[in-house]
Each structure stands twice: as structure tokens, then as C-alpha cells.
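Reading the structure
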Amino acid sequence: MAVSRRGFLKAACATGVVGVGATAARPAEAAQVKRPWMGMLTDLSLCVGCRKCEYACNKANALSDDALETYDDKSVFEQTRRTDADRFTVVNRFDREGQPPVFVKRQCMHCIEPACASACLVAAFKKSDEGPVIYDESLCIGCRYCMVACPFGMPAFEYSKPFTPRVTKCSMCIERLRDGEQPACACVCPEEAITFGPREELLTLAHDKIREHPDRYVDHVYGETEAGGTNWMYISPVPFGDLGFPTDIGTKPYPELTKGFLSSVPLVLTLWPMLLMGAYAFNNARGPELAGAPVNTHEEGGQ
Amino acid sequence: MSTTLHPDASWSAWTRDKLLLGLPLREYLRTLKTPFNAVAALILCVGLPITWIRFTQGIAATTNLNNDYPWGLWIGFDVLCGVALAAGGFCMASAVHLFKLKQYYTLMRPAILTGFLGYFFVVVGLCFDLGRPWRLPYPMFVSYGVTSVMFLVGWHVALYLTVQFLEFCPAIFEWLGWKRVRHWVLKLTIGATVFGVILSTLHQSALGALFLLAPTKVHPLWYSSFIPVLFFTSAIAAGLSMVIVESMLSHRVFHRQVQHEDPQQVDQVMVGLSRSAAVVLFTYFCLKWIALAHEDRWAWLFTSYGAWYLVEVIGFVLGPCIAYFVAAKVNSARIARVAAVWTVLGIVLNRLNVSIFTFNWQMPYRYVPSWMEFAVTITIVTAGLLTFRFMVNRMPVLYVHPEYPVEE
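Everything in this summary refers to the structure shown in the same document. Because the structure is a prediction, the values reported are computed rather than measured. (Residues numbered from 1 in each chain as written. Chains lettered and ligands numbered in written order. Predicted model: local features only at pLDDT ≥ 70, side-chain atom pairs only at ≥ 80, totals over all residues. Heavy atoms only, no water.)

1. Brief notes about the overall build of chain A
- Along the backbone of chain A there are 10 helices and nine strands.
- Partitioning the intrachain contacts of chain A with sequence separation of at least 6 by distance along the chain shows that 60% fall at a separation of at least 24.
- When the accessible area of chain A is evaluated, it comes to approximately 13800 Å², of which 55% is carbon and sulfur surface. (Helix = DSSP H or I, 4+ residues; strand = E, 2+ residues; numbered from the N terminus. Contact = heavy atoms within 4.5 Å. Areas by Shrake-Rupley, 256 points an atom, 1.4 Å probe, with all protein chains shown as cover.)

Shown next, in the form of C-alpha cells:
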């Protein structure tokens, strides 16, 4: 099935009928049936801002050799940081009046229908069978449309590399997952604020927690429906809008946003020739003497 | 300028005839000592070293782009404005070949050349911006991201560049004196024109559709599900206006080549074009409001972004639209030229509004291009102008070659 679809798509682009694939390519549901998608649930009420997840992430992805002690540096919380070419996850602190601050770990949300994947013209982003959204640097041309498209602003780019710049983001430690291990950050978290598991189970767990402790959480699982749902989800003691999470992205999967346009492409490709050739035939039949005043300088010219 | 290549002509005679405008090398070089060339040389002296830095030290060394602002001046101006302003080629080709508006014949070749060079230098600009420009052919040959609007843009720009080259080939073959090939390539004209219009429709609108994936980043006044149609319609206005601007500049710069033209007749053609441009701009103006109404974004008009929006839509769409109507009404080519420059500025403003000025409007800080980004953009524009001049001075672009009268 998958093979024949790919064959069809290749044929489609060879003839220039691009965009037809938009309706055919819905990898999400098909893959989900095969096995449960893995996901993560971050409980922001438990996070103490120790940044051990940053340490583990940097180690797992070979981003930094800094010793664990250097992550005790609390001065980084003075500013709100974002993901970067050399940090796939960041913890930020949000102060509250009269109450302890809330620490927020951010990273790629691993959308069910990723905007980055629908934006990528070389299909370098893919929703893996395991659940994480993964990136293939061997295909990337570095156009950075994925970064324009990502509603969460998570992908980063290696701007300072002249020859091999990559887009960088959390892969939910896909290699570790395939080896039967958990993502590095989930393993290291001393407060068990990050739970790894099948997305459906995590969703149930999140709602159970909210139901059991309505005083501790706002009634919202961030990532349940955002941008069509994500594999990384959050529960929080304060509204997500106060914690730097975008709250205006809606529940529609991002690929839907360009679907209408892409499906109009084959229409233009088939209707335009008819209309234009019609116009040509019509004007041709009218005869040149009727079609505007001829310019009599044609026979002159030159220098 | 002699037009046929004699069988006994030596290589140096060919060079002198075809490349050096019939002058000996020394004399030809002397003609290059002009103020314009001095400025151009100065620009290249700055631009080429920056090009070297860009490709040896990376994007960070030359631009102010960052993870929040992945696209800047090179995409916003070089690509988005470049493609829109190069739309004159398909507008003129369809006017002449499909709609048989023969009075525009003399404008078609310069428009097609501008279109071709416009797209060519768009691709050059894109190569500065891409992280790995040498992988440019990947979407054609290696991996197909068929769900991507960018995939469509890539394919269509590549195909359209080819089509425009084919459309311009007759002029090249006339220059070289290759009568048979020219005859053969002329047979492709109608097919190439139709294909060109299809490709232009799709990628002009696709450039707008790129931003459909950024509903939270493009400001609500500029974000619209109508954005593909808005980009397409405004590209036609930009294309027609560029034809007028170009004709105006050509008559100043290349007046020797157009001296056979009757100035009054040229003015008539300009007025004719302004009638079309007025209608297109008015349509675009209406579409802008329909888009606003469709998404129910009226409340945003009463913010500071709303004021800026009105500057664009009233000041740079309705304004030139009225000027075009007046030009057509009072038969004034002068007003038409003012309206054309005005429209071009308006379309540039629109593309920059969407991609830079209002992009990431919720972000607490703004991206401002580095001086090197500006320098590269200016260098690319200069290179485009120099190439245009080089070709126009040698090939029958602004005049009809005496040995190749217009055929039916």
C-alpha cells in the first residue's frame, strides 16, 4: 500500500501534478493503528527547575560536555530562553506572586500531523511509527520553511555552519526508543515530572490527575487538541498562556491549512489550458485587423 | 551591427561583432567608462567579498536571521518581490499571443527578458539564503515533499525559468543568426505561453500560500485564506506596472535603440496598459476587503497595525488605482508612469508587510536586516541590471530585427 502510494506520488510530480498528494498523504492514522504511539506527559506542578533534563538531553545528543554541576546555575532563569541549535530542550522559570514559581520544560511537541512535515519540500521531516517527529539531515536543503511553519517555534537552525547546517530539534530520543529505552530526559527527572508512555494512556493519566486534584491543575491538557494534537503533552497549575505557550493556534491540524490551496492545483492545471486555448482560438478567429491597432514600426527597427 | 555570420569570419571578428558591439576591444573598453558603471563596480566590490564570506563562513556571519526570524530580506525582497515584479513576462506574452493585442508586441520581448532575468536572479538570491544551496535540485530528483507548497514553488519556478528561456530564445537566435533553430523554437510559442500562464498562476499564488502555515505569525490583517488569490492578482498589477516602468527607463537609457518608435504611439500603448492595470488594481483592492470581511478582521483596523494596513491598501493600492484610471481617462502617459512606479512600491510594501514588517507581530523584538544583507540584495539587483543591459545592447529586444519581421 505504502509502496504503491509512493509510486503514484512520484508519477504525479513527474507530470507536474503536484499537490494531488496532499489528499493521499495522511500517514498519521494508518501508523497509529499499527502500534500505540509513544508520547510524553510533563507535569509542570512537579518540576523544580533542576535542569537535569537539559543535562541529559545535551549528553544524549552530544551537544555539550558540561558537567552536571554547571546546570545548578540559576542565573539562566533571568531570561526566557528558547530552543537553539545547541540545546533541544530548555527549562524556563515563570514567577508567581506569593506562590512558588512554575518551571516549564520546552521542546518539540511531536505533533500528530506536523506542520514541519507538511512544509518540507524534500520530506526531511517524518512522523515515525513510534510517534516522534524525526528529521533526516541528508535530505534537508536548509530553506527553513519548517521553522516558519512550526506553531510552537521549536525547530532551530545551525546558522553558523557554512557547509553542513542542519535544522535541530528534539527527536524524543528515537534511537533510545528503538533500543527499548526511555528518552533521556524522562529517565533522569528526579521528580518524575516527565512520564513516557503510549499517548492514549498518558492522556488518561493526565485527565485522572486533573480530576483527582482539581485544586492543583487547570482543567486543560495542553497538546490534547492543540494543532490537531501532539504526542508531548502538559498539565499545569496555571493557565498555559501565562507560561509562554501559544494559545491561539486552534485545534485544526496544520496540514489542513494548505490543503484547500493544494487541491486547487490540479484544477488550474486542467482548466487553464482549456480557457486559454479557447481565448486564443477566439481571438485568432477574430482576425488580426480587429484586434487592436497594429503598430506600424514592425518593419523598421535595427540601428 | 551585421547580422549574418560569414563562413570565413574569424573568431575575433565574431567576438567583436557579437560581444563588443562591433568595436575594437580597446575602444569598447573605453565606452565602459561611465558613471553608472563606476557605481556598479563599486557595488560589486562590496558585494563579492560578502558573497565570499556568506559561502565560507555561513549565514550567521552575514545576516541577522535567527531561530525566531528564519526568513529575512533575502526571502522577503529578493524572492517574494522579485517573482511578483517579474510577472510582466507572462502578462505581455498572453496579451500578445493569446489575446492578440498586437499593440503590445514591442513590449513583449523586454518583458520576457525581465521575467527571465528576474526569475534567474531570484534563484541566485535564494542560493544565498538556503543553508545548502547545492541541494537545490533535491526536490526535483532526490526526495519529493508533495504535501509542501514550497515543493510546488520549487518545481514551478524551475519549469517557468525554462519556459521563459524558450520564449526568449528567438531573440538569442536572431542575434546569433540561427534562422532554422529560431523558426523551430517559434513553433513552441503558443504552447510555451499557455504553460507559462499556468505555471505563473500557480507559483505566484503559491508564494502567498506559503504563509498559510503561519496563522499565528503573520498579522491577522494580512493573514487570510485568500492570500494565494491576493498574491496572484497583485502580481499581475506588479507585472503590468513593471512593463511601464521598464519602457520608461529603456527610453532614457537605450534611446538609440528605440528612436524609430513614435513617442506618441508609445504613450498610447502606456495609456492602454494603464486601463488594464487600473482594472486589475481595483479588483485587487476589492479582494483585499473581501478577505478582511471573510475572516471578520474589522476590529483590527482600529489598532496601529490597522493604520499601517490602511496606508498599504488606501495609499498604495487605491491610490495608484485611481491614478491609473485618471491616466486612462485624460490620456496621459505621464500619469500612467507615476501610477506604475507607485504600484510597484505598493506591491513591494505588501510583500514586505507579509514576510517581514508584520511577521511575528506578537514577538517582543523585531528583525532588522544586517548591512551585509542589504549589500547582497543591492549586488543581486545590480547584477540583474548589468545582465539586462548586456543582452539588450546585443540582441533584438527593444527593436524588431530587420531580417526577422513579425510573422503571423
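What follows continues from the structure just given.
2. Regarding the packing of helix α11 (residues 227–253) of chain B against helix α14 (residues 333–357) of chain B
Residue and element names in this part refer to chain B.
- Where α11 contacts α14, the axes come no closer than 8 Å and their chain directions differ by 140 degrees. In the packing of α11 onto α14, the handedness of the crossing is left-handed. Of the residues in α14, those in contact with Ile227, Phe231, Ser234, Ala235, Ala237, Ala238, Ser241, Met242, Ile244, Val245 and Met248 of α11 are Ala336, Arg337, Ala340, Val341, Thr343, Val344, Ile347, Asn350, Arg351 and Val354. (Axes fitted to C-alpha atoms, helices over the stretch in contact; angles between N-to-C directions. Left-handed = near helix turned anticlockwise from the far one by under 90°.)

3. Focus on the pairing of strand β8 (residues 194–198) of chain A
All names here are of chain A.
- In terms of burial, β8 is largely enclosed, as four of its five residues are buried.
- Pairing of strand β1 (residues 38–43) with β8 involves five bridges; the strand directions are antiparallel. Paired with Met38 across the two strands is Pro198, which belongs to β8. (Buried < 20%, exposed > 50% of the residue type's maximum accessible area, 1.4 Å probe, protein only. Pairing = 2+ DSSP bridges.)

4. Comments concerning the interface of chain B and chain A
- Residue-level contacts link 72 residues of chain B with 74 residues of chain A.
- When chain B packs against chain A, the two sides together hide about 6700 Å² of surface, and 64% of this comes from carbon and sulfur.
- Joining chain B to chain A, the criterion identifies three salt bridges.
- As a salt-bridge pair, B:Asp68 and A:Arg82 come within 2.8 Å of each other at their nearest N and O atoms.
- Between chain B and chain A we count 30 residue pairs in polar contact (both at pLDDT 80 or more) in total. (Buried area = accessible area lost by both parts, 1.4 Å probe. Salt bridge = Lys/Arg side-chain N within 4 Å of Asp/Glu carboxyl O. Polar contact = N/O pair within 3.5 Å; in protein donor to acceptor, adjacent residues only side chain to side chain.)

5. A short note on the nonpolar core
- Counting residues in hydrophobic clusters, the biggest one holds 203 residues, and the most contacted among them are A:Tyr145, A:Phe152, B:Met92, B:Val149, B:Phe168, B:Leu210 and B:Phe211.
- Broken down by element, this core gets its largest block of residues, 17 residues, from helix α8 (residues 149–176) of chain B.
- Residues contacting A:Phe152, with those up to four places away along its chain left out, are A:Arg106, A:Met109, A:Cys111, A:Tyr222, A:Glu226, A:Ala227, A:Thr230, A:Pro246 and A:Ile249.
- Counting nine residues, the second-largest nonpolar core is a separate cluster that includes A:Leu202, A:Leu203, A:Val221 and A:Ile235. (Core = buried A, V, L, I, M, F, W, Y, C linked by side-chain atoms within 4.5 Å.)

6. Observations concerning the sheet that holds β1(A)
Residue and element names in this part refer to chain A.
- Pairing is mixed across the open sheet formed by three strands, whose spatial order is β8-β1-β9. Edge positions in the sheet fall to β8 and β9 (232–235), since each has one partner strand and no second. Across the sheet, the mean angle separating the axes of adjacent strands is 25 degrees when strand polarity is ignored.
- Here helix α9 (residues 199–212) sits on the sheet and contacts β1, β8 and β9; the angle it forms with β8, its principal contact strand, is near 130 degrees.

7. What to know about the side chain of B:Gln204
All names here are of chain B.
- Its location among the elements puts Gln204 in helix α10 (residues 189–209).
- Classification of Gln204 by relative accessible area gives buried; the value is 2%.
- Side chain to side chain, Gln204 and Tyr119 meet in a polar contact 3.4 Å long.
- Setting aside its immediate chain neighbours within four residues, Gln204 contacts Val83, Ala84, Ala87, Tyr119, Phe231, Phe232 and Ala235.

8. Remarks on the pattern of salt bridges
- Across all of its chains, the model carries 22 salt bridges over all chains by this definition.
- With a shortest N-O distance of 3.6 Å, B:Lys179 and B:Glu403 are connected by a salt bridge. Separated by 224 residues along the polypeptide, B:Lys179 in helix α9 (residues 179–186) and B:Glu403 in the segment after α15 (371–392) bring together distant segments of the chain.
- Overall, the relative accessible area of 44% leaves B:Lys179 in the partly exposed class.
- Between B:Glu295 and B:Arg297 there is a salt bridge; the shortest N-O distance is 3.8 Å.
- Overlapping salt bridges, with partners in common, bring together A:Glu137, A:Glu158, A:Lys161, A:Arg166 and B:Arg132 in one network.

9. Regarding helix α10 (residues 255–286) of chain A
All names here are of chain A.
- Under the 1.5 Å per step criterion, the end-to-end length of α10 is 46 Å for 32 residues, consistent within 8% with the ideal 46 Å.
- Where α10 bends most, at Leu267, the angle is about 30 degrees.
- Taken residue by residue, α10 has Pro255, Thr258, Lys259, Phe261, Leu262, Val265, Val268, Leu276, Ala279, Tyr280 and Asn283 as its buried positions. (Expected span 1.5 Å × (residues − 1). Bend = angle between axes of the 7 residues up to and from the residue.)

10. Overview of unusual backbone geometry
- Positive phi, normally seen in glycine, also occurs at A:Arg51, with a value near 65 degrees.
- Tracing the backbone shows A:Arg51 in the loop between β1 and α4 (52–60).
- The residue B:Asn360 is not glycine, and still its phi comes out positive at about 60 degrees.
- Checked against the element boundaries, B:Asn360 lands in the loop between α14 and α15.
- A residue is classified by how much of its surface remains accessible, and B:Asn360, at 4% relative accessible area, is buried.

11. Observations regarding the packing of α8(B) against α9(B)
Residues and elements named next belong to chain B.
- The N-to-C vectors of α8 and α9 enclose an angle of 160 degrees; their axes lie 9 Å apart at closest approach. When the axes of α8 and α9 are compared, the pair comes out roughly antiparallel. The handedness of the crossing between α8 and α9 is left-handed. Between α8 and α9, the residues in contact are Leu166, Cys169, Pro170, Phe173 and Glu174 and Val181, Arg182, Val185 and Leu186, respectively.
- Of the residues belonging to the contact of α8 with α9, the class tally is seven nonpolar, no polar and two charged. (Parallel < 35°, antiparallel > 145°, perpendicular 65-115°, else oblique. Nonpolar A, V, L, I, M, F, W, Y, C, P; charged D, E, K, R; others polar.)

12. A few points about the packing of aromatic side chains
- According to the stated counting rule, one finds 35 aromatic pairs over all chains in the structure shown.
- Here the aromatic rings of A:Tyr145 and B:Trp71 are separated by 5.5 Å at their centres, their planes lie at 15 degrees, and the arrangement is stacked. Within this pair, whereas A:Tyr145 is found in helix α6 (residues 145–149), its partner B:Trp71 is found in the loop between α3 (35–57) and α4 (73–85), the two belonging to separate chains. The same class applies to A:Tyr145 and to B:Trp71, which are both buried.
- A ring pair is formed by B:Phe211 and B:Phe359, whose centres lie 6.5 Å apart and whose planes are at 75 degrees; its orientation type is edge-to-face. Here B:Phe359 lies in the loop between α14 and α15 and B:Phe211 lies in the loop between α10 and α11, a separation of 148 residues in the sequence.
- You can call B:Phe211 buried: its relative accessible area is 2%.
- Taking relative accessible area as the criterion, B:Phe359 reaches 3% and is therefore assigned buried.
- Of the aromatic side chains, those joined through ring pairs into one cluster are B:Trp222, B:Phe282, B:Phe285, B:Trp289, B:Trp298 and B:Tyr309.
- If you follow A:Lys127 out to its NZ or CZ, it ends over the ring of A:Trp37, 4.7 Å from the centre. (Phe/Tyr/Trp six-rings, centres within 6.5 Å; stacked < 30°, edge-to-face > 60°. Lys NZ or Arg CZ within 6 Å of the ring centre and 35° of its normal.)

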